[in-house]
Amino acid sequence: MLLSKSFALSVVLALMAGQPALAADKYITNLGPMPLDDASRANIQGRGDVSATLDGRKLSVSGTFKQLPSPATAAHLNISLATGVPGDKIFDLTVTQAPSGTVSGDVTLSAKQAAAFRTGKLYVQIDSQKAPDGTIWGWLLPDHQIVGADVPQQDHWFIPQLDTPSR
Amino acid sequence: MLKKSALLLGVAFVAGAALAQQASGPFTAAQVAAGRAEYAENCASCHQADMSGGTDALPLAGKGFMAGWNNRTTAQLYDKIHGSMPLGRGGSLDEKTYTDLVAFILHANGATAGAAAFAPTTAVKIGAIANGTIPDDVAHPAPAAPLSGAAAATGARAGAARAGGSGRLVYSFKAGLLLEGHIQNYTPVTDAMLTHPADGDWPMFRRTYNGWSYSPLGQITTDNVHSLQVKWMWALYEGGTTEITPIVHDGIMFLSESGNTVQAVDTRTGNLLWENRLGPAPRSTGPGSSTEETRSLGLWGNNVYVATPQANLYALDARSGKEVWKTSLVDGKPGIGGNTGGVMIIHGKVITGLTNCGRKGSTDHCFISAYDAATGKRDWKFLTVALTGQPGGDSWGGMPDNDREGAETWIAGTYDPDLNTTYWGTAQAKPWRRDLRGSKDGDTDYANSTLALDPDTGKLKWYFNHAPGETLDLDEVFERQLIDHGDQKTLMTIGKPGILWKLDRVTGKFLDARQTVFNNVYAGFDMKKGKPILRKDIADQKVDQWLSSCPGPEGGHDWPATSYHQPSDTLIVPLSQSCVLMLGNGSQVYYEMPGTEGNMGRLSAYRTADMKPLWSFQQRAPFLTAALSTAGNLVFIGDFDRTFRAVDVRSGKTLWKIRLGTTVQGHPVSFSIDGKQYIAVTTGLGGGSPEEKPTTMLTEVHRQPTGQTVVVLGLPDE
């Protein structure tokens, strides 16, 4: 497959603060609502922030969440085909049984799972009473600056982008 | 393991044991009859009278419907419709209306009425009572409503007040030349004026043939924009969809509004000069669908030209508003398309595209066509799908020519006078999904392509397919910017996938591409051919499979057009950041694009010479106007959450903003009168994915369903 200089550059742009993706050990995500429509959106809301550190194969996950419409019931780490594509549960995480709280866990990844982690294919999902099949989620991406709304960024600023150019 | 079906529905699936296995019902014939009338009033404008679906509306009868609903229940169908319909006004109808609608939809898919009435909690597996067989009374429906009097003359519906809990309003609509104008000393528009517009004019969709949306006026600058103030406002008719471009010439602003209303307004005072309501009335008193707007008018000679969603093309006298001529783009055949993108005028020809055309089951194709501006007589017609024997004719997987559908042209084109070539973008092949389309792995030329045509003959000079075999409603139909770098003549465009393209506009050769937002639809990109490579599960999609699409049908980039600031070689691109999961029939659920922290709106600037990204900022609300750049080094843009702002084109920094009455939607322009520069922008409602997605996802944003206006801004008087 031929990849363009533009798409190759996308890889570079993904490396917030100039950190190479494959060398980064800290990953972060902002949790947001899972897929919804007008009929389901009342129960699928909330936000959260989670970070994950990979030490060898050991992955430590910790974070917070808030504003779920109903108490959290479960949390887990999932693996997916690509960033943004729903996938399958691989590990349970510990979560506060409330609309707000913490989520955490220490797991040991297989080599395949570790590779998936480094290419943006692992995500954190929290379920709740009124949306038991998923309420908020977020894909773990290399540590990067969280840019606020309405703040112009110069030059090679770009959202995390690991998957498209690498496959 | 994630249970996708339950995840998508957000409701518990009724256990199989609880499903009643019955051959009829659970609804009555009386409910079907009532539901038929309610459907005509509330649903048909988007989903079509025969329930086959529209540009942004799912099919509600036949295989397309059953693909998504075969394994779901009648109660879930009720919940879905109650929660989300009519578009943007979920839950606004009474319970009886919703239950009747469900009954009618079940009937439309082959279910048989029984003795028991349907109730909201009646949960029967739809596949157990319906098989997608469309009865004749649905496939060939009677006219939706009686016509009478003046309304009949224009195709407008006769309104009827209805009492009830849903509190419907009656829309009063009177068609005709309601105010005749007597404009003196109007300067006729010539080819030369269109090629080199006066600095103070905005005579066509993107102001100039090259599509830049750039004003050479520089009185309003980065230094004084902070004092910008409202000079006058003009309320637009409510109902329908507003994404218009105020066209300005000779101190007169021409507006196209709901109900195909055309008005001329004095730019000095905001006074109405003439008004012609061509009709028919908008199909909804509230915000309309993506097939009801008129994005732009055209000017030539003493006429103003209007192409309507009903596929009529009018020439009106720009001085009086009187009709000069009228013709049908589709030779009077109903239901095979209309126009929303507006017109362009080249060499005395009115050139226009077609949308909501080329649907499955029809043998009529979409086309671009040209008409004599003096008489309305058709000069040429170019079909926008490649047929057997034509260049690209072997790219449809062997499909019969009559089945090659789609490739709508819902955005007006651009034009290079030196090359005498007009450039048009096309939308995707239809049906959207390749597994339903029958085109196998074919590229489906000329869908999702750039078409280069001779404006005098309609002959194809070259084409370039940006999304071969596209399958997720990711159009590449939008504006084509014509930008030169020395001797190199380029064309730049960006579609819903968010790939910014650069082509050689002399030959159509691919030059470069740049990814602007997160994308997981493409697994790679062949940079030699300029060809994206679909993710494998998308390429191998199945009808009953939910697929992730980032971006989704909102784009990436959508109709809010780019602007080219030539002095700094900067292309300013409105972008959106949302994803969808989509089922075979087009059912969708929405979610935030990864890595965006819920910011759906994004404005990005690129240097076109080398495609270098210059600056970007993002915000919660998506942008719903085109970008407008000016010689004052400013970019103007408006958003879903009612803010209109001025941005420094060199830094992306917001210098000024104002909150308006409802969503700022349309194509802002700049003009001058009496030596003073003004900015005109519209607030507007209605439309497809760019309105639908944030309406559902931005739960904290509350907008009025009314308030469509044109707002004119200027510097304080000395």
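Residues numbered from 1 in each chain as written. Chains lettered and ligands numbered in written order. Predicted model: local features only at pLDDT ≥ 70, side-chain atom pairs only at ≥ 80, totals over all residues.

## Remarks on the confidence of the model for chain A
All names here are of chain A. A residue-level look at chain A finds 78% of positions with pLDDT of 70 or above and a mean pLDDT of 82. Under a pLDDT of 50 for its full length, residues 1-24 has, in the predicted model, 58 contacts with residues more than four places off or in other chains. Across residues 161-167, confidence stays below pLDDT 50; counting only partners more than four residues off in sequence or on other chains, it has 30 contacts. (pLDDT = per-residue confidence, 0-100. Contact = placed C-beta atoms within 7 Å.)

## Concerning the nonpolar core
Counting residues in each nonpolar core, the largest one holds 182 residues, and the members touching the most others are Val124 of chain A together with Tyr305 and Ile345 of chain B. For this core, the domains that each give at least three residues are domain 2 (207-275 + 538-718) and domain 3 (296-479) of chain B. Listed in part, the 38 residues of the second largest apolar core include Tyr39, Trp69, Phe104 and Ile134 of chain B. (Core = buried A, V, L, I, M, F, W, Y, C linked by C-beta atoms within 7 Å. Buried ≥ 20, exposed ≤ 12 C-beta atoms within 10 Å, placed from the backbone. Domains from an automatic or database assignment.)

## Brief notes about the environment of Gln76 of chain B
Residues and elements named next belong to chain B. Topologically, Gln76 is positioned in helix 5 (residues 74-84). The class for Gln76 is buried, based on 21 C-beta atoms found within 10 Å. Note: C-alpha distance between Gln76 and Leu177 (101 residues apart in sequence) is 48 Å. (Helix = DSSP H or I, 4+ residues; strand = E, 2+ residues; numbered from the N terminus.)

## A short note on the domain arrangement of chain B
By the assigned domains, chain B splits into domain 1 (13-129), domain 2 (207-275 + 538-718) and domain 3 (296-479). Distance from the C-alpha centre of domain 1 of chain B to the C-alpha centre of domain 3 of chain B: 34 Å.

## Side note on helix 2 (residues 29-42) of chain B
All names here are of chain B. Taking 1.5 Å as the rise per residue, helix 2 with 14 residues should run 20 Å; its terminal C-alpha atoms sit 20 Å apart, in good agreement. If you check which residues of helix 2 are buried, you get Gln31, Val32, Gly35, Arg36, Glu38, Tyr39, Glu41 and Asn42. Among the structural elements, helix 3 (44-47) and helix 6 (95-108) are those in contact with the buried residues of helix 2. (Expected span 1.5 Å × (residues − 1).)

## Overview of the packing of helix 2 of chain B against helix 6 of chain B
Between two packed helices, what matters for the description is the angle formed by their axes and the separation of those axes. Residues and elements named next belong to chain B. The interhelical angle for the contact between helix 2 and helix 6, taken along N-to-C directions, is 100 degrees, at an axis separation of 7 Å. In terms of their interaxial angle, helix 2 and helix 6 are classed as roughly perpendicular. Residue-level contacts link Gln31, Val32, Ala34, Gly35, Arg36, Glu38 and Tyr39 of helix 2 to Thr97, Thr99, Asp100, Leu101, Ala103, Phe104 and His107 of helix 6. Residues of the contact of helix 2 with helix 6, tallied by class, amount to 6 nonpolar, 5 polar and 3 charged. (Axes fitted to C-alpha atoms, helices over the stretch in contact; angles between N-to-C directions. Parallel < 35°, antiparallel > 145°, perpendicular 65-115°, else oblique. Nonpolar A, V, L, I, M, F, W, Y, C, P; charged D, E, K, R; others polar.)

## Describing the sheet that holds strand 9 (residues 303-307) of chain B
Backbone hydrogen bonds hold the strands of a sheet together, and the pairing may be parallel or antiparallel. All names here are of chain B. The antiparallel open sheet is built from 4 strands, whose spatial order is 8-9-10-11. Both outer strands of the open sheet, strand 8 (298-300) and strand 11 (323-328), are each paired with one neighbouring strand and no more. Strand-to-strand twist in this sheet, taken as the mean axis angle between neighbours without regard to direction, amounts to 20 degrees. In this sheet, strand 11 lies alongside strand 10 (residues 312-317) in antiparallel orientation, the contact comprising 5 bridges. Of the residues in strand 11, the one forming a bridge with Tyr314 is Lys326. (Pairing = 2+ DSSP bridges.)

## Some points on unusual backbone geometry
Residue and element names in this part refer to chain B. The residue after Asp445, namely Tyr446, is reached through a cis peptide bond having omega -5 degrees. Backbone geometry places Asp331, a non-glycine residue, at a positive phi of 55 degrees. If you trace the backbone, Asp331 turns up in the loop between strand 11 and strand 12 (343-346). One non-glycine residue with positive phi stands out, namely Asp569, at about 50 degrees. According to the C-beta neighbour criterion, Asp569 is partly exposed, with 16 such atoms within 10 Å.

## Some thoughts on the packing of helix 5 of chain B against helix 6 of chain B
Residues and elements named next belong to chain B. Their axes nearest at 10 Å, the elements helix 5 and helix 6 cross at an angle of 125 degrees. Between helix 5 and helix 6, the crossing angle belongs to the class labelled oblique. Seen from above, helix 5 lies across helix 6 with right-handed handedness. On helix 6, the residues that touch Thr74, Leu77, Tyr78, Ile81 and His82 of helix 5 are Tyr98, Thr99, Leu101, Val102, Ile105 and Leu106. A class-by-class count of the residues in the contact of helix 5 with helix 6 yields 8 nonpolar, 3 polar and no charged. (Left-handed = near helix turned anticlockwise from the far one by under 90°.)

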